[in-house]
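Here are the chains, one letter per residue:
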Amino acid sequence: MIANLSPGLILIVGALLVPLLPGRARQVYMLALPVLGGWQLAGLEHGAYGQTEIFGYTLTLLRVDSLSVVFGSIFLIAAFLNVIYAMHERAPMQEVAALVYAGAAISAVFAGDMITLFVFWELTAISSVFLIWASRTEAAYRAGMRYLVIQVGSGVILLAGVILHAHATGSIAFDYLGVTGLATTLILIAFGIKSAFPFLHNWLQDAYPEATVTGTVVLSAFTTKLAIYALARAFPGTEMLIYIGVIMTAFPVFFAVIENDLRRVLAFSLNNQLGFMVAGIGVGTPLALNGAISHAFVHIIYKSLLFMSMGAVLHRVGTIKASELGGLVRSMPLTTVFCIIGAASISAFPLFSGFIAKSLTLSATAEGGYVIAWLVLVFASAGVLEHSGIKIPYFAFFAHDSGIRCKEAPLNMLIAMGIAAFLCIAIGVYPDPLYAMLPYTMEFEPYTGTHVLTQLQLLFFAMLAFAVLVRTGLYPAELPSVNLNTDWIYRRALPRLYGWLLQMGSRLRAGTLARLQRRLERFISQVYRHHGPEGVMARTWTTGGTVLWVALLLGGYLIVFYL
Amino acid sequence: MSQPPAPPPERNGHWIFRRRTVDGAFWGLVLLCGLLGLVEVVYHRHSIFAFEAFPVAYGLFGFVCFAGIVFAGKALRTVIMRDEDYYDR
């Protein structure tokens, strides 16, 4: 262990050597980096390290407490799984970007002040966009640009908030803030963009599905959960977050039902899951906060697992559109099993990891007396089952036989999915080690008769609804399509408005120019009339006439003089 | 916009796609839901809100929500669905 060193920096600095190493050595080295980070983290006692004074402000590079350790640990686990999942590729740009991105997210989690947070906040944005651009398609390039503008924008808003906050309070420490004025509101908006608040969310569904097979898996783990960490640190118990959270859980489910791109379905599902966490942070009791934090922990694993399984399908089949898939269980039985485990986990079936985390938030919301919020969360739980629990595995691996025959996923992908699936079940069956990591003390038993029975009723009756709808032909078919969302505003409405303004401007300009030209021509013709060859002014006068005029002028002058 | 009734399951194909398997899974699910409802007769579940005490409240809520989400999604399609190349045009 090295004193004062953030585990994230091991990944960031270590990533720079990756392109220089040959094949096998590179893979071992990349696997070693998160392990080294974990070893570094395990050796750190709680406290603040690496403090420096700059312009009267204290920068804290490394603040270790139970909240940062939970997020730091799961980020390291995710980084490790991502390296295994991407082992079949030789893509130096992606490998470096993925490690720097993970390292930046980890460093941000351990930042004790908001300037350090800002620096790593922006580094996550800049490093992660390369995972989207690595697809090397026109669509990915454009989506990456939109993603970058929004992500960097979030950082700029954060910085503005931090500067105002520092000016008002003289402190840049990153602790509880609460919404107290403009400064903290700006900081909340910055966190809100990254955690995909309603109307600030669409970068997620726009950009993530455009990334590479491995890139989407990496992206799904860090950015949004870093924002959840930041909200849990700075805004616990902020009541408006309950309502923001429940809206986030509810609205994506409708879009997910009709989305044809299965990775985009998962992006909507990610948005819905973030809603549970945001709502838990809003409730703000120890039980609710533990719910949000444990949900983030298990969510990273099962969401990665689901993206990995869809990535494996995309890798083998070349498409991830539900309308073109089906019946892949024949070709990819192991991927199917892993995907179902991820689906069961996200749907919160008892004995799977989602159950032991989501129960905390739901119980805390009910105990807090937030009836409407609680009802929406239960409704959204049925929604999760619809799009992530059933739609993803059903349309990819079952439904009808599409006739596609391909190889099972590469071994490294299967290993990564296998580890993630194992963790989903292990945490679900035995949640105590995760509960022990959580920052707040609580008394909670997930496996009570009531919890298990109500959850099983909810899920199995919802599955029955699916079965009935499919058998009766009422379930909507998967159609090749694009569904409008808030990105329509900046992808279609604003460019159209800009185009219209340009057109109006050019018409106005042309009209004005034409009018000016007409006036100029009239002026020139007037001048020509008077000064042209035929004009009055151009006439030649006789010498006698001129002398007469001069005499007249002089005579006139004399008269005026003597008057 | 609805898909045609579930494609006829294969008779002799892979066992997962055979009619017997598909029908068995469906009726198994119906049976399981029935059992989950009946458990309430012998097991009293705790509730915080009054409406939770309604028989099989969670099951009914799950069924209705699921169907509601699907139908709302279908309705949403009429408003927001466009051709795949919508943004490329």
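Quantities reported herein were computed from a predicted structural model and do not represent experimental measurements. (Residues numbered from 1 in each chain as written. Chains lettered and ligands numbered in written order. Predicted model: local features only at pLDDT ≥ 70, side-chain atom pairs only at ≥ 80, totals over all residues. Heavy atoms only, no water.)

(A) Fine view of the overall build of chain A. Check the secondary structure of chain A and you find 20 helices and 3 strands. In terms of overall size, chain A is more extended than a compact globule, its C-alpha atoms giving a radius of gyration of 33 Å where 563 residues would be expected to give roughly 24 Å. The dimensions of chain A, computed from C-alpha atoms along their principal axes, are 125 × 65 × 60 Å. Counting only residues that meet the buried cut, chain A has 58% of its 563 residues in that class. Counted over contacts in chain A with a minimum sequence separation of 6, partners at least 24 positions apart contribute 80%. Here chain A displays about 22200 Å² of accessible surface, and carbon together with sulfur accounts for 70% of that area. Between the centroid of the 32 positive side chains of chain A and the centroid of its 26 negative side chains there is a distance of 16 Å. (Helix = DSSP H or I, 4+ residues; strand = E, 2+ residues; numbered from the N terminus. Rg over C-alpha atoms; globule rule 2.2 N^0.38 Å. Buried < 20%, exposed > 50% of the residue type's maximum accessible area, 1.4 Å probe, protein only. Contact = heavy atoms within 4.5 Å. Areas by Shrake-Rupley, 256 points an atom, 1.4 Å probe, with all protein chains shown as cover. Lys, Arg positive; Asp, Glu negative; His and termini not counted. Charge placed at Lys NZ, Arg CZ, Asp CG, Glu CD.)

(B) Structural detail: the pairing of strand 1 (residues 47–54) of chain A. Residue and element names in this part refer to chain A. Looking at chain direction, strand 1 and strand 2 (residues 57–64) are connected through 7 bridges and run antiparallel. By the bridge assignment, I54 is partnered in strand 2 with Y57. Counting the residues in the hairpin turn of strand 1 and strand 2 gives 2 residues, including F55, whose phi is positive at 50°. (Pairing = 2+ DSSP bridges.)

(C) Focus on the packing of aromatic side chains. As enumerated under the stated definition, the model contains 30 aromatic pairs over all chains in all. An angle of 85° between the planes, with centres 6.2 Å apart, marks the rings of W374 of chain A and Y58 of chain B as edge-to-face. Here W374 of chain A is found in helix 15 (residues 371–397), whereas its partner Y58 of chain B is found in helix 2 (residues 57–80) on a different chain. The residues W374 of chain A and Y58 of chain B share a single accessibility class, namely buried. Geometrically, the ring pair formed by F49 of chain B and F51 of chain B is stacked, given 5.5 Å between the ring centres and 15° between the ring planes. One residue, R492 of chain A, lies across the ring of Y86 of chain B, its end atom 4.3 Å from the ring centre. Positioned above the aromatic ring of Y86 of chain B is the side chain of R82 of chain B, whose terminal nitrogen or guanidinium carbon lies 5.8 Å from the ring centre. (Phe/Tyr/Trp six-rings, centres within 6.5 Å; stacked < 30°, edge-to-face > 60°. Lys NZ or Arg CZ within 6 Å of the ring centre and 35° of its normal.)

(D) Focus on unusual backbone geometry. Residues and elements named next belong to chain A. A positive phi angle, near 60°, is found at A196, a position not held by glycine. Structurally, A196 is set in the loop between helix 7 (182–194) and helix 8 (202–207). By relative accessible area, which is 0% here, A196 ends up buried. Backbone geometry places A348, a non-glycine residue, at a positive phi of 65°. Assignment of secondary structure puts A348 in the loop between helix 13 (333–346) and helix 14 (353–367).

(E) Molecular detail of the pattern of salt bridges. Residues and elements named next belong to chain A. All told, the structure shown has 13 salt bridges over all chains when counted by the stated rule. The shortest N-O distance in the salt bridge between R233 and D65 comes to 2.7 Å. Taken together, the residues R233 in helix 9 (residues 213–234) and D65 in the loop between strand 2 and helix 3 (66–85) connect sequence positions 168 residues apart. Since its relative accessible area comes to 10%, R233 is described here as buried. R146 serves as the salt-bridge partner of D206, at 2.7 Å between the closest nitrogen and oxygen. (Salt bridge = Lys/Arg side-chain N within 4 Å of Asp/Glu carboxyl O.)

(F) Molecular detail of a nonpolar patch on the surface. Together, L31, L32, L35, L38, V39, V41, V42 and Y43 of chain B line one region of the surface with nonpolar side chains, adding up to about 770 Å² of accessible area. Here V42 of chain B shows up in helix 1 (residues 19–42). (Patch = residues over 30% accessible without salt bridge, like charges linked within 9 Å, V, L, I, M, F, W, Y side chains within 5 Å.)

(G) Looking closely at the interface of chain B and chain A. Taken together, the contacts link 57 residues of chain B with 61 residues of chain A. Buried area between chain B and chain A, both sides added, is near 5600 Å², and the carbon and sulfur share of it is 74%. When residues of chain B are sorted by the area they lose upon contact with chain A, F66, I69 and Y87 of chain B head the list and together hold 15% of the total. Counting the contacts that link chain B with chain A gives 1 salt bridge. Close ionic contact of R471 of chain A with D23 of chain B constitutes a salt bridge, the shortest N to O distance being 3.1 Å. The interface formed by chain B and chain A includes 10 residue pairs in polar contact (both at pLDDT 80 or more). (Buried area = accessible area lost by both parts, 1.4 Å probe. Polar contact = N/O pair within 3.5 Å; in protein donor to acceptor, adjacent residues only side chain to side chain.)

(H) Representation of the environment of A86 of chain A in the model. Residues and elements named next belong to chain A. Note that A86 resides in the loop between helix 3 and helix 4 (92–109). Overall, the relative accessible area of 16% leaves A86 in the buried class. Put simply, A86 and M413 are 327 residues apart on the chain and 7.3 Å apart in space, counted from C-alpha to C-alpha. Residue contacts for A86: discarding those within four places in its chain leaves T214 and N412.

(I) Layout of the packing of helix 14 of chain A against helix 15 of chain A. Residue and element names in this part refer to chain A. Running from amino to carboxyl end, helix 14 crosses helix 15 at an angle of 155°, the nearest separation of the two axes being 8 Å. Relative to helix 15, the element helix 14 is oriented roughly antiparallel. Every pair of crossing elements has a handedness; the one defined by helix 14 and helix 15 is left-handed. Counted together, K358, L362, T365 and A366 of helix 14 and A373, W374, L377, V378, S381 and V384 of helix 15 form the full contact between these two elements. Looking at the contact of helix 14 with helix 15, its residues break down into 7 nonpolar, 2 polar and 1 charged. (Axes fitted to C-alpha atoms, helices over the stretch in contact; angles between N-to-C directions. Parallel < 35°, antiparallel > 145°, perpendicular 65-115°, else oblique. Left-handed = near helix turned anticlockwise from the far one by under 90°. Nonpolar A, V, L, I, M, F, W, Y, C, P; charged D, E, K, R; others polar.)

(J) Quick look at a positive patch on the surface. A cluster of basic side chains, namely R515, R518, R519 and R522 of chain A, defines a positive patch on the protein surface. Within the secondary structure, R522 of chain A sits in helix 19 (residues 487–531).

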